[in-house]
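# A look at the structure
Read off the chains here:
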Amino acid sequence: MPIKILSDTVAAQIAAGEVVERPASVVKELIENSLDAGATSITVEVDNSGSKLVRISDNGYGIPAGEIELALHRHATSKIDDVEDIYHIETLGFRGEALHSIASVSRLVLTSRSRDEDMGARIKVDGGQVMDVRGVGAPSGTVIEVRDLFYNVPARRKFLKSEATERRHITTVVTNYAMAYPDVRFQLLTGGRETFNSPGSGELADVIVASMGLDVFREMVEILPLPPHRPDLPPIEVYGYSSIPGFTRSNRAGIILFVNGRAINDQRVTYAVVQAYHTLIPSGRYPSSVILVEMPADEVDVNVHPTKAEVRFRSPDAVFSAVQRAVRRAVIDQSEAPRLRYDDSQEYETARNNRVYSTPQSDSSQLAFDLEVDSPGRFSKEVRRDASESGDDEDYYPHYETATPPHLRTEKQVVDHPEAIPEGLGRPQRPRTLPILRAIGQINATYIVAEGPAGMYLVDQHAAHERILFEEFLAAYHGQNIAVQQTLETSVVTLSPVQARHLEEFQDLLAEIGFTIEPFGTNDFAVRTVPAILSDRNPESVLQLLLQDIESRNAPGSLTVEEKILRRVCKSAAVKAGQVLSHKEMDSLLRQLERCENPHTCPHGRPTMIHMSNNQLEKEFGRT
Ligand code: ADP
Ligand code: MG
């Protein structure tokens, strides 16, 4: 065929594919327009599947009669002027594509009257061709009817699923927006029956009851925004509802996320919600949650995806941490599940000997500990009481040095008794290799200042944690006891042909270390599991680093690939420099370092600490 420019209609039909995939996408775009128009009441009517009819009526400010034709043009929008505008976008729409796209693949009738005008207008468009424009009397607001979706793109029609499936998608869209906008009244009619309505009371609780049912709502606790904990991070507010630990389901579909009023899919944020329940619910079980995240508009890029179902965060870690903290706080504060408490030595002894459970008033030490870790974590997770209160009685530290580190236990062990005494508590301890250190504070979120009998120590938190993880991980590796974590959604990584062959070569070794990686096409690989200590790291980027290590294997004097991978895993899992640690986290880290075989250097040979003896200090201050 000779090269030619496609007609506008064909180009529009092709472009429509990006925005309009199914009737639910029409519903979504039109609801967004109604919300952007300030509507307080939105009615959605569809036939059984939405493919014959979608009709949306709103009481928003309407479209001036003189602009009604323009509204249907491609790139016609009243919402932005400039590309810069989309980086602090306050409206749901901005691409000026929806009406144009929908109109090009359906028979559309738009009737609208602006609040400021006496007369309304109506435009009819069939498959992108304007058939009729006229003035009409109409109530203020907008009604858009979309009939016979994809009537002129039969190939697309074939992709539609059963009526029930399309209906489910439509219902999800409507109930989601109802939750994100509790002060707007929504009504959904399918096949002539009202199947959902929200009262527009402004109460999220009312909408959750309407969309999920009272039985689910009863099992939920409210998430309230926490005061910001780090002035250097952008303000991120998290609120909503999430189920109590005893109420779980077998998949993540009950976790609904909104960012600035937009329903989004985001694996990491979903994972943050799941992580908030760490040790509270078994693995493989998931909460039901409605999580609304609000942040300054310039913190989130919504122009990543034509349907805006995915967004990009400027500070993904801050979002992760905010969501995890808020959900965990809500769940721990408000649920009354029985838990062990270690309030004082006596109670601790009793608990240890008799395994007595009691209901704590609050388990704030665990909470404080968990919450202050930015990325959900490894070394801090199992600390249940404030070690510093017990002086030097080391029997007290129910964490790594006496218990099997949580991340090195098998997943099953962790979850079967989420609140039981950490295992192996009575086991003989590894010998000390450092004197007892006491954490004083943190410098530059990077170094821990500690005091010991022989003076002052400055500990590099990253290097020290790397050392701790390395010794534990190596032991687990040699004992063939590495705990693995399934990846969230299987991540598929596309590699260069050369990388791919490298990977194939070391697939077995990687599997022993906890990376189950399967070919997924010639140069594509699916990462199915990672070592559990990496569960909150992005498997793709870890894999890329591993490949770089593997690729540099022939450098003279370099380590074996096995050694490199083991080191890389621990380095990636270790707490980073720049991460603010709580006092308990610092103490926990020091406790573990004190019993490392080689506490003085990280696995790469850099020092983990600098020591200044009391003598040196006296000399420096001219006291001698
Ligand atoms: P976008 O929402 O990205 O601006 P659309 O194609 O969805 O693009 O809509 C084009 C324009 O039509 C909007 O910018 C808005 O001015 C107008 N519009 C669409 N729907 C409505 C509505 N329900 N009420 C008022 N104005 C609307
Ligand atoms: Mg729009």
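Our structure is the block above this text.
Now for a quick tour of the structure.

What counts and what doesn't
Residues numbered from 1 in each chain as written. Chains lettered and ligands numbered in written order. Predicted model: local features only at pLDDT ≥ 70, side-chain atom pairs only at ≥ 80, totals over all residues. Heavy atoms only, no water. Near = heavy atom within 4 Å. Polar contact = N/O pair within 3.5 Å; in protein donor to acceptor, adjacent residues only side chain to side chain. Areas by Shrake-Rupley, 256 points an atom, 1.4 Å probe, with all protein chains shown as cover. Helix = DSSP H or I, 4+ residues; strand = E, 2+ residues; numbered from the N terminus. Axes fitted to C-alpha atoms, helices over the stretch in contact; angles between N-to-C directions. Parallel < 35°, antiparallel > 145°, perpendicular 65-115°, else oblique. Left-handed = near helix turned anticlockwise from the far one by under 90°. Contact = heavy atoms within 4.5 Å. Core = buried A, V, L, I, M, F, W, Y, C linked by side-chain atoms within 4.5 Å. Buried < 20%, exposed > 50% of the residue type's maximum accessible area, 1.4 Å probe, protein only. Domains from an automatic or database assignment. Patch = residues over 30% accessible without salt bridge, like charges linked within 9 Å, V, L, I, M, F, W, Y side chains within 5 Å. Salt bridge = Lys/Arg side-chain N within 4 Å of Asp/Glu carboxyl O.

With that settled, the discussion passes to the site of ligand 1. Around ligand 1, the structure places 19 residues, and the nearest of them are N33, T77, S78, K79 and G96. Between an oxygen atom of ligand 1 and a side-chain N or O atom of S78, the distance comes to 2.5 Å. Residue L99 places a main-chain N or O atom 2.9 Å away from an oxygen atom belonging to ligand 1. Protein coverage of the free-state accessible area of ligand 1, which is 530 Å², stands at 94%. Broken down by secondary-structure element, the contributors of at least two residues to the shell around ligand 1 are α2 (23–36) and α3 (98–104).

Let's shift gears to the packing of α2 against helix α5 (residues 163–180). In contact at an axis separation of 8 Å, α2 and α5 are set at 20° when each is read in the N-to-C sense. Viewed along their axes, α2 and α5 adopt a mutual orientation that is roughly parallel. Between α2 and α5 lies a crossing whose hand is right-handed. In this structure, α2 contributes P23, A24, V27, K28, I31, E32 and L35 to the contact, and α5 contributes E166, H169, I170, V173, V174 and Y177.

Ranked by internal contacts, the top residues of the largest apolar core, which has 59 residues, are V27, I31 and F186. Looking at this core, the element that brings in the most residues is α5, giving 7 residues. Residues from two domains meet in this core; each of domain 1 (8–200) and domain 2 (213–334) gives at least three. Apart from the residues within four sequence positions on either side, I31 is in contact with I42, V44, I56, V173, V174, Y177 and F186. I223, V293, A318 and V323 belong to the second-largest nonpolar core, a separate cluster that totals 37 residues.

Together, L6, V10 and I14 give the surface a local cluster of nonpolar side chains, amounting to about 260 Å² of exposed area. The residue V10 is located in helix α1 (residues 8–19) in this model.

Secondary-structure assignment places S242 in strand β10 (residues 237–243). A polar atom in the side chain of S242 sits 2.7 Å from the side chain of Y277. Separated by 2.7 Å, the side chains of S242 and S289 make a polar contact. Leaving out residues up to four positions away in the same chain, S242 has contacts with E219, M220, V221, I223, Y277, P287, S288, S289 and V327.

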